[in-house]
Amino acid sequence: MNKTALDLSSKGKKEIDDILKRYPDENSAIMPILFIIQDEKGFISLEDQLSVAKFLGIPPMKVRGVVEFYTMFRGEKCGRYLIQVCHTLSCALRGAHTIVDVIRKKLKIDVGETTKDGKFTLVKVECLGSCGTAPMMQINDDYYENLTEEKVEEILDSLD
Amino acid sequence: MAVEFEPVLTKYVDDPEQAKLSKYVERGGYKAAEKAVKSILPDDLISIVKESKLRGRGGAGFPTGVKWGFVPKDSDKPVYLTVNADESEPGTFKDRLLIEKDPHQLLEGTIIAAKAVGCETAYIYIRGEFYYGTKVLQKAIEEAYEKNYLGKNIFGTDMNLEVYIHRGAGAYICGEETALLDSLEGKRGYPRMKPPFPAVVGLYESPTVINNVETLCNLPHIINRGADWFASIGTEHSKGPKLFAVSGHVKKPGVYELPMSVRMRELIYDVCGGMLDENRKLKAVIPGGSSTPVITAKEIDVELCFDALQEYKTMLGSAGVMVMDESTCMVDAAINITRFYVHESCGQCTPCREGGKWLLRILQTIEKGTAKKEDIDLLLDICENIEGKTVCPFGEAMVWPIQGFVNKFRKEFEEHIENRGCPIEKDRSIRR
Amino acid sequence: MKKITFYIDDKEITTEEGNTILQAARQNGIDIPHFCYHDALGIDGNCRVCLVEIEGEPKLVTGCTRQVAEGMKVLANSERAKKARAGVLEFILLNHPLDCPVCDKSGECVLQDYSYNHGYAHSRLEFPKEHFPVKDLGPDIYLWTERCIKCTRCVRFLDEVAGTGELGFKKRGVRTELDIFDGVPVDNPISLNIVDICPVGALLDKDFLYKARVWDLKRTESVCPVCSTGCNIEYWDHDNILKRITPRPNEKVNGHWICNEGRRSYKNVDSEDRLVHHKIKNKKASLEEAIELLINSVEKYAHEEGAESIAVLGSPFLTNEENYLIKHLFGDEPGARLAVLPARTEGEDQEFGDGFTIRAEKAPNVRGARAAMGLASTKTDEFDRIIEDIKKNKVKCLIIFNGDPDLKLDKSVVAAIKKVDFLAVCEALPSDLSRSADAVLAGNLPAEKDGTFTNHAGYTQRIRRAVFKPLDSEPEWKILLQIARAWRKDIKAKSPAVIFDLLAKDIKFFKDTDYEKIGSTGVLNKE
C-alpha cells in the first residue's frame, strides 16, 4: 500500500484513514474511496483510478472494473446538477415519460446530454425505491417525489 | 377483517421523533437487545426465531432461524453479519421506510442477530442512491455508540459489536447475497457459486449471515412479545406482520403493514382506495416485485402469502405490488421490466448476459408489430434456455416476468402480431 | 484418498473423492464440453456449457462445480442436457462474430468444435450483434474483443499465475468488455500463455497472426532449449519452416505453461546467419575433409604432446547422446581433457503463482551434459582449469562442440581460445570462436534433431526432430558417429535411441532408462 499516492484534500485523506480501519481487508475500501474522490472532484478520472490502484497496491484494471461496473461512479464530468428520472415500471405507469419530456423541453437537451452552460445533465435511471411516490427523480443526492409538470418546473427553477 | 391490523414495524413511522434514540428508548426500545445480549444464549435465540417461523423478507422467504443455524460453531474465523439494505427490486420501497423513519429498530434487530450468530462486526450494505437514509442511519449508529448499545462491551457485557455502513453504488445485482459479499470485498458485484454457502464461506472467506432490513426489524418484537405471538399472525406458512409496498394505478400507493392472510382484492380496493382512475378497470397486478409473474384481474382473491401465490404460478417475493389498469399494454410492461434486467445483468454467465437483450429485442418487435407468429414461442424457448441454467437466480428473475405476461396474456401478444401494432388504447407508452 | 464410484451415461467411473464431475470425466477420456474450467486455473462456473443432468435432481448442474458422490448417475447426454448445452452454445454464438474464415484460431477453436458437435446449425438471431473494437494489448498480443466469450481464463491467469492482473472487464451485462487499463499493457514474462488458454480467437499472438492455418502445420513434441526448466513444447512447422511453439502440459516439469522467451526460441532456426557449410580455414570444405583434419590434429597432439594437451568441450545445449559420444570418442581414449561449456546465468530464478519457474540457468541440458560426459555433478571447474591451461600454453588442441546459439564468453576467455594451435568448432550459428577456427563443422539446433535433455531436477525428456537441417549442416550426433567411423572407433549405434541405450549402460545416472520409458513425459533420473 502506498499511502502517498492519492491526490486528495487532507479532509478526504483523513476520511480514508478512518474508512480503512473498518475492514480487515483494505480492498473493501475501494468503493468508499471512489465516493470520496467523486464527491471532491465531480468524477473519477483515469489518473485518479491509477492513484487508487497504487494506494491499495492492486492492478489498475481492478479499480477501472469497479468504476465501470457501478452506475453511480462517473468516469467523466457531468453537469453540476445530475437529473436522474426513474423510468422503471411503477414510475412509467405514473407518467415518468411525461416528466422526462417536460425536462427535455425546458432545458432543451435530450436524454444523456448536458446543457451548454454545464448546469444540468439529464439521464433516465432504473428503480430508485420510491415507487409509492411516483413519478419521481433524483438530482445529485436528493429525491424529488410526487412530481407534476408544474413541480418539475419549480424545482429546476429553484436550483442555482 | 384482515385489513384492520395493529402495526408493529411501522407503528411510529409517522413520528419524525422516532428516529431519535431518546424517543425510541422512551417507547421501550433496545430492551429486547439488552435482554438478548445479557441473558439469552445464542442457541436459544436461534430456537426462538425458528419457533416464530420468521421467513426472510428480502424476497426468497428462507426461514431465518434455520439460516442462522447453518453458521458453524467451531470456526476459528470471525462471523460476519451483513444487513442487506440494497433494496432495488422494482416496486419495492419498504426497507427505505424502515431505514429513514425507524433506524433504531433496525439497529436493535442487528444486535439481536449478531448475538445469535456470534458476530462482532456487522456491515450495513445500503444502496448508494439512499443518500438520505444513509445519513439517518449514520446518525442513529452514532447515538447507539454513545449509549454503548454498539461498540466494545455493549450493555456492559463482554460482547463487542461494531456496525459500519457500506454504500452500494448502483447495481441491483448486489442485492443478491453473494454478489453483495463480492461488492463488500471491493470487487465487481458477481454472484458466487453455491455451495459453499455464505454461512460457511462468506465475507473474507469467513462464516457470514446476510439478513434483509425488514427481517431484522421483526426481531425486537419477537423477543419482546414472544415467538408464539409472532406465529399467531398470518397464515400457516407465512407468519408475522408483512410490509406491502403498493404502487402503480391505485389511489393511495404506499407501504402498508398487514398479515399475509390479506387478499389482493382487499389490498387494492380496501386499503389502497381502489383504482387511480375509476373509469379504468384493473387489468393485471404484479404481486411481489418485478421478478414475480403477473396475475390477472380474475385472480385477485388470492391470499398474499408465500404458499397461496405459488398456486397462481407466481410468488410473494419482496411484496412489491404493482397495479396496472386497462390502459396498460402488457407487452409494454414486459419490455419495461426486461429493459431493467438487461441493464442490471452483471454479465458473468452466458445465458443471462447474452439472452436478455435478445429477449428485449424480440419483445420490441412484437410491440412494434413487426414480429412473426413464431416469435412468441421463440421467446418462451429462450426463457427456458435461461431458467435454471445461470449462476444465480437473476436468470429466473429475468425470464419469469416474460413467461408470466405471455402465459396470462398470450392473446394480447398474438394480437400485436396479427394487427401489426398495439391493440390497446393507451395514453402513455410505458416501455421506452 | 477415498475413491468414489459413479456413472456418466451408464459408464462406471472411479475417481478420488473431492473431484468434480468434469474432472472425473476428463480423467477418463470423456469430454463434457466446457470453456471456463481449466486444470491449472480452477473452477469459475460462468460459461454454463458443462450443464449435465443428475438422475433424481430437478435442476441441471454444471459438471465443473459439482463434486461426485457415491452412486451418482450423471446423464451428460440426456435430452435435457443436450438441449441446455445447445442453448448455451447458441447464446455464446449470439454476439460472437462469424469470423472463422479470417480467425487464427480456426482449426483449433473449442467453440468451433463444440458448435459443430453440439450446437444448432443456424442462428435464430435476427438483430445486430454487439460490436467492440480490436485492441492492441501490448508488445505481444492482440485482442479481438468481439470474439471474447468472457470465460475469464485470461483474467484468472494474469491474476493468479503471472501476478500482474493487466486484464479486466469494463462495463457490465451484455456490454461487458475485456480490456487493459490505458497505458498499462499486458507485459510480463509469461503473458503469451493467455493466447493458448483462450478458447476462442479473441487473444492472438502478434507473432503468429495470419501466418498459417493450423491444419497445414505439422506438430512435433519436444522440449524448450532455453533454460533448465525444460518446458515441454510442440514445434509447429509448415513445409519445414517453423511457425510457432506452444507448451505441452507436464505436471512434473512446466505445468501448462512456457515463458515468452522460450516460445520465441524457434526464430533462430531460420536465421540467415546459420552455418550451412563446413569450413577449413574459412573456406568451404566437405564434412569428410573437416573430420579428417580434426582427427589428424588430435592424433598429432596426442602423439607429440600427450593427451593433456587436448581438450574437448561439450555443451549444455547439446543432447545427452551427443555429450556422451564426445566423452566416448575423445575422453575414454586418447584421454583428452573434457569439460562442458558453462551455461549463462541471467538474474535469479523467477517463480510464478502456481510454482512455474523460469530458471536463471539459461541452458536446457546442464545436468545431463555433465552426467553424460562422466563429470562429477558437483565440481564445476573443469572448464576454468582448461582455460587456465590454454593461457599457460599447456592445452594446444581445442575442440569445441558449442550448441549455444548465442554464446557469450568472457573476452579474456575468447582471446585465450583464439590463441590455441589448433581450434575446431562445431556449432549451428556463428560465434566469436568459429570465425577464427581452423575447422568449422556446421551443426544443428535442437529443433532439428532427436535426443534427450535432462532438466534441473533430473527429468530426462526427449526432443524430436521437427524440421530438417539446412544444406550441409548435420546434427552433432551424426557428425560424431561419422568421426567415429573415420577414426575406426566402433560404435554400435546408428540413431540417438541406440546411442542412448549405450549411454544408459555406461553412465550410472541414466541407468535403466530408455526412449520407451521416457515417452512423452520424461523419466526422473537421480545421482
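Residues numbered from 1 in each chain as written. Chains lettered and ligands numbered in written order. Predicted model: local features only at pLDDT ≥ 70, side-chain atom pairs only at ≥ 80, totals over all residues. Heavy atoms only, no water.

Chemist: Please clarify how the overall build of chain C should be interpreted in this entry.
Modeler: A tally of helices and strands in chain C yields 15 helices and 25 strands. By its C-alpha atoms, chain C is 90 × 50 × 40 Å across when sized along the principal axes. Taken over 527 residues, chain C has a buried fraction of 59%. In chain C, 65% of the contacts between residues at least 6 apart in sequence involve partners at least 24 apart. For chain C, the computed accessible surface area is about 21,900 Å², with 49% contributed by carbon and sulfur atoms. Taking the 76 positively charged and 84 negatively charged side chains of chain C as two groups, their mean positions are separated by 0 Å. (Helix = DSSP H or I, 4+ residues; strand = E, 2+ residues; numbered from the N terminus. Buried < 20%, exposed > 50% of the residue type's maximum accessible area, 1.4 Å probe, protein only. Contact = heavy atoms within 4.5 Å. Areas by Shrake-Rupley, 256 points an atom, 1.4 Å probe, with all protein chains shown as cover. Lys, Arg positive; Asp, Glu negative; His and termini not counted. Charge placed at Lys NZ, Arg CZ, Asp CG, Glu CD.)

Chemist: How do you make sense of the sheet that holds strand 4 (residues 61–62) of chain C when you look at a structure like this?
Modeler: Strand pairing in a sheet takes place through backbone hydrogen bonds and is either antiparallel or parallel in direction. All names here are of chain C. Here five strands make up an open sheet; going across it, the order is 2-1-5-3-4 and the pairing mixed. Taken across any chain shown, the strands that pair with only one partner, and hence form the sheet edges, are strand 2 (11–16) and strand 4. Against the sheet, helix 2 (residues 79–94) touches strand 3 (51–54) and strand 5 (73–75), its axis set at about 165° to strand 3. (Pairing = 2+ DSSP bridges. Axes fitted to C-alpha atoms, helices over the stretch in contact; angles between N-to-C directions.)

Chemist: Before we go on, may I ask you to explain the packing of helix 8 (residues 320–331) of chain C against helix 13 (residues 476–486) of chain C in this structure?
Modeler: Packed helix pairs are specified by the crossing angle of their axes together with the interaxial distance, meaning the distance between the axes. Residue and element names in this part refer to chain C. The N-to-C vectors of helix 8 and helix 13 enclose an angle of 20°; their axes lie 9 Å apart at closest approach. With respect to their mutual orientation, helix 8 and helix 13 come out roughly parallel. Crossing geometry of helix 8 relative to helix 13 is assigned as left-handed. Contacts from E322, L325, I326, L329 and F330 in helix 8 reach E476, W477, L480, L481, I483 and A484 in helix 13. Partitioning the contact of helix 8 with helix 13 into residue classes produces nine nonpolar, no polar and two charged. (Parallel < 35°, antiparallel > 145°, perpendicular 65-115°, else oblique. Left-handed = near helix turned anticlockwise from the far one by under 90°. Nonpolar A, V, L, I, M, F, W, Y, C, P; charged D, E, K, R; others polar.)

Chemist: Honestly, the interface of chain A and chain B in this entry has me stumped. Any pointers?
Modeler: Size of an interface: often given as the accessible area lost when the parts come together. The interface of chain A with chain B comprises 41 residues on the first partner and 59 residues on the second. The three residues of chain A that bury the most area against chain B are F69, L89 and L93 of chain A, which together make up 17% of that side's buried surface. Inspection of the region where chain A meets chain B yields two salt bridges. For the salt bridge of R339 of chain B with E126 of chain A, the shortest nitrogen-to-oxygen distance reads 3.0 Å. Put simply, chain A and chain B have 25 residue pairs in polar contact (both at pLDDT 80 or more) between them. The residue inventory of the side of chain A that touches chain B, partitioned by class, reads 18 nonpolar, 14 polar and nine charged. (Buried area = accessible area lost by both parts, 1.4 Å probe. Salt bridge = Lys/Arg side-chain N within 4 Å of Asp/Glu carboxyl O. Polar contact = N/O pair within 3.5 Å; in protein donor to acceptor, adjacent residues only side chain to side chain.)

Chemist: I keep staring at helix 7 (residues 149–158) of chain A and nothing clicks. Help me out?
Modeler: Because the α-helix completes a turn every 3.6 residues, residues three or four places apart line up on one side. Residue and element names in this part refer to chain A. Along helix 7, the positions that sit buried rather than exposed are V152, I155 and L156. For helix 7, the angular spread of buried residues about the axis comes to 95°, placing them on one side. Exposed side chains of helix 7 directed beyond 90 degrees from the buried face belong to E150, E154 and D157. (Arc of directions from axis to C-beta.)

Chemist: Can you help me understand a negative patch on the surface in this one?
Modeler: Together, E15, D39, E40, D141 and D142 of chain A make up a negatively charged patch on the protein surface. Of note, D141 of chain A is situated in the loop between strand 3 (137–139) and strand 4 (142–144). (Patch = residues over 30% accessible without salt bridge, like charges linked within 9 Å, V, L, I, M, F, W, Y side chains within 5 Å.)

Chemist: For this particular structure, what's the right way to read the interface of chain C and chain A?
Modeler: Taken together, the 16 residues of chain C in the interface contact 13 residues of chain A. Regarding the contact of chain C and chain A, the summed buried area is about 1,200 Å², with carbon and sulfur atoms giving 62% of it. The interface formed by chain C and chain A holds three salt bridges in total. We note a salt bridge from R64 of chain A to D182 of chain C, for which the minimum N-O separation is 3.1 Å. Counting the contacts that link chain C with chain A gives four residue pairs in polar contact (both at pLDDT 80 or more). Of all the elements in the fold, those that place two or more residues in the side of chain C that touches chain A are helix 4 (153–162), strand 8 (167–170) and strand 9 (177–180) of chain C. With four residues, strand 8 of chain C is the largest single contributor of residues to the side of chain C that touches chain A. Within the side of chain C that touches chain A, the residues separate by chemical class into six nonpolar, three polar and seven charged.

Chemist: Please explain unusual backbone geometry as it appears in this structure.
Modeler: Peptide bonds are trans in most cases, and residues, glycine excluded, mostly fall at negative phi. Omega for the bond connecting A134 of chain A with P135 of chain A falls within 30 degrees of zero, at -5°, which places this linkage in the cis form. Take P135 of chain A: it is sitting in the loop between strand 2 (120–125) and strand 3. Here the residue pair P195 of chain B and P196 of chain B is connected by a cis peptide bond, since its omega of 5° sits within 30 degrees of zero. For N153 of chain B, which is not glycine, the phi torsion reads 50° and is therefore positive. In this fold, N153 of chain B is placed in the loop between helix 7 (131–146) and strand 3 (162–167).

Chemist: Could you clarify how one ought to interpret the pairing of strand 12 (residues 232–238) of chain C in this entry?
Modeler: The two faces of a sheet get side chains in turn, since along a regular strand they alternate between them. By the criterion of burial, strand 12 of chain C is predominantly enclosed, with six of the seven residues buried. Where strand 12 of chain C folds back on strand 13 (residues 241–247) of chain C, the antiparallel hairpin that results is connected by two residues, among which D239 of chain C adopts a positive phi of roughly 50°.

Chemist: Any chance you could explain the packing of aromatic side chains here in plain terms?
Modeler: Aromatic ring pairs are reported here in terms of the distance separating the ring centres and the angle at which the planes meet. Taken as a whole, this structure holds 29 aromatic pairs over all chains when the rule is applied. With a centroid separation of 5.7 Å and an interplanar angle of 35°, the aromatic rings of Y81 of chain A and F120 of chain A are classed as tilted. Within this pair, whereas Y81 of chain A is found in strand 1 (residues 81–86), its partner F120 of chain A is found in strand 2, the two being separated by 39 residues in sequence. The two residues Y81 of chain A and F120 of chain A agree in class, both being buried. Between F500 of chain C and Y515 of chain C, the ring centres sit 5.6 Å apart and the planes meet at 45°, which makes this aromatic pair tilted. You can see F500 of chain C sitting in helix 14 (residues 496–506) and its partner Y515 of chain C sitting in helix 15 (residues 515–518), a full 15 residues away along the chain. Look at F500 of chain C and you get buried, because its relative accessible area is 0%. (Phe/Tyr/Trp six-rings, centres within 6.5 Å; stacked < 30°, edge-to-face > 60°.)

Chemist: Sorry if this is basic, but what is going on with the sheet that holds strand 24 (residues 459–463) of chain C here?
Modeler: Residue and element names in this part refer to chain C. Spatial ordering of the open sheet is given by 23-24-25, a layout of three strands whose pairing is antiparallel. Of all the strands in the sheet, just strand 23 (451–454) and strand 25 (523–524) have a single pairing partner and so form its edges. Seen against the sheet, helix 8 touches strand 23 and strand 24 and runs at an angle of roughly 95° to strand 23.

Chemist: Looking at this model, I keep getting lost on the environment of I103 of chain A. Mind explaining?
Modeler: Residues and elements named next belong to chain A. When you line up the elements, I103 lands in helix 6 (residues 96–107). Exposure remark for I103: the relative accessible area of 0% places this residue in the buried category. Sequence separation of I103 and L147 is 44 residues, and the distance between their C-alpha atoms is 12 Å.

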